[in-house]
Amino acid sequence: MSPAQGPEDSLLGKQVSYRDTYAPELLFAIPRASKRAEIGLAEKQPLPFYGEDLWNAYELSWLDPRGKPVVALAQFHVPASSPYLIESKSLKLYLNSFNQHRFPDPAQLQTTIAQDLSRTAGAPVGVRITPLNAQPAREIGYPKGVLLDTLEIEVDRYTPAPEFLQIENAAPLVEETLYSHLLKSNCLVTGQPDWGMVAIHYCGRKIERAGLLRYIVSFRQHNEFHEQCVERIFMDIMRQCAPAKLDVLAHYTRRGGLDINPWRSNDPAAASAPNMGEIRQ
């Protein structure tokens, strides 16, 4: 594993030769603390949320003991409480390093990946590997809630604008899910676009929907990693709208054979977010 450094020290945006034999040193850890400080979270302060970063890997292959290739899907569950996030290009290169490596069975590979990712993240990472001959399936669907994207709004701000978030003071307390496919941000290092769907489930004073949609669109020219965007959205909604309960889940579209689905909640009893795919994933 590469030592934790800043995003600019990663392999993002750089020419890299692929390795096809096991190379755990390719994994690159990025401290969460600096970006969390930007949204008012001190490093020693208890986190105001729970959650995880759920990764789906679609390009995982290795050799069985006789040299025959095996192909599989994988899921990685990185806890939000981990001190480091795993940089996505380094994870892609790491997974490709198994292409010509022999493993006696998927279980040993799963153990190896879990150990490497846990060491990189600084906390236990859950790993599940399912060879395609087991016919794995993933549900593709839409949140059970209200789609915001049909609202007619004027937009003139494309960097995060938490002031757009308002509550309807005269409205009663509600519990609802609001979602949008219009989330777009950019990679912190390369500036390449990241596309996603964000779902917000909350209990509290009713959030003004047009303002929420304008806020989501305001990320359109913002440079930040997926995980950091979701934490910024969570903190902005908590500060501006003060819901008693809040869950924020984003499904980002696939890049390099990986999709990332960060989920944050202030409910310690909340179960992990379901691994339901967004239609563009």
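Residues numbered from 1 in each chain as written. Predicted model: local features only at pLDDT ≥ 70, side-chain atom pairs only at ≥ 80, totals over all residues. Heavy atoms only, no water.

Some points on the overall build of the protein
No. 1: What the protein contains, in helices and strands, is five helices and 10 strands.
No. 2: With 281 residues in all, the protein has 50% of them scored as buried.
No. 3: When contacts within the protein are restricted to residue pairs at least 6 apart in sequence, those whose partners lie at least 24 apart make up 75%.
No. 4: Carbon together with sulfur atoms contributes 51% to the accessible area of the protein, which is approximately 13,000 Å² in total.
No. 5: Averaging the coordinates of the 29 positive side-chain charges in the protein and doing the same for the 32 negative ones gives two points 3 Å apart. (Helix = DSSP H or I, 4+ residues; strand = E, 2+ residues; numbered from the N terminus. Buried < 20%, exposed > 50% of the residue type's maximum accessible area, 1.4 Å probe, protein only. Contact = heavy atoms within 4.5 Å. Areas by Shrake-Rupley, 256 points an atom, 1.4 Å probe, with all protein chains shown as cover. Lys, Arg positive; Asp, Glu negative; His and termini not counted. Charge placed at Lys NZ, Arg CZ, Asp CG, Glu CD.)

Structural notes on the sheet that holds strand β2 (residues 50-63)
No. 1: The strand order β5-β3-β2-β10-β9-β8-β7-β6 describes an open sheet built from eight strands, whose pairing is mixed. Of all strands in the sheet, those bounded by a partner on one side alone are β5 (126-131) and β6 (146-147).
No. 2: For β6 and strand β7 (residues 173-186), the ladder comprises two bridges, and the chain directions are parallel. Bridged to V146 within β7 is L178.
No. 3: Strand contacts of helix α4 (residues 209-217): β6, β7 and β8 (193-205), with the helix running at about 25° to β7, the strand carrying the most contacts.
No. 4: Across the sheet, helix α5 (residues 226-241) is in contact with β2, β7, β8, β9 (245-252) and β10 (258-265); its angle to β10 comes to roughly 25°. (Pairing = 2+ DSSP bridges. Axes fitted to C-alpha atoms, helices over the stretch in contact; angles between N-to-C directions.)

Some details on the side chain of N261
No. 1: With respect to the helices, strands and loops of the structure, N261 is situated in strand β10.
No. 2: Residue class for N261 comes out buried when judged on its relative accessible area of 1%.
No. 3: Side chain to side chain, N261 and H251 meet in a polar contact 2.7 Å long.
No. 4: A polar atom in the side chain of N261 sits 2.8 Å from the side chain of Q281.
No. 5: Those residues in contact with N261 that sit more than four places away from it in its chain are E52, D53, L54, N56, R138, L249, A250, H251, Y252 and Q281. (Polar contact = N/O pair within 3.5 Å; in protein donor to acceptor, adjacent residues only side chain to side chain.)

Brief notes about unusual backbone geometry
No. 1: Despite not being glycine, Q135 has its phi angle at roughly 55°, a positive value.
No. 2: Turning to its location among the elements, Q135 is positioned in the loop between β5 and β6.

Here's the deal with the pattern of salt bridges
No. 1: Considering all chains together, one arrives at 17 salt bridges under this definition.
No. 2: The salt bridge involving R138 is made with D259; its shortest N-O contact spans 3.1 Å. With R138 in the loop between β5 and β6 and D259 in strand β10, the pair connects residues that are 121 residues apart, well separated along the chain.
No. 3: A network of salt bridges, in which partner residues are shared, links R32, R36, D53, E231 and R264. (Salt bridge = Lys/Arg side-chain N within 4 Å of Asp/Glu carboxyl O.)

Structural notes on α4
No. 1: Restricting attention to buried positions, one finds in α4 the residues G211, L212, L213, Y215, I216 and V217.
No. 2: For α4, the elements touching its buried residues are β7, β8 and α5.
No. 3: Looking at where α4 begins, the residue whose side-chain oxygen comes 3.2 Å from the main-chain nitrogen of A210 is E208.

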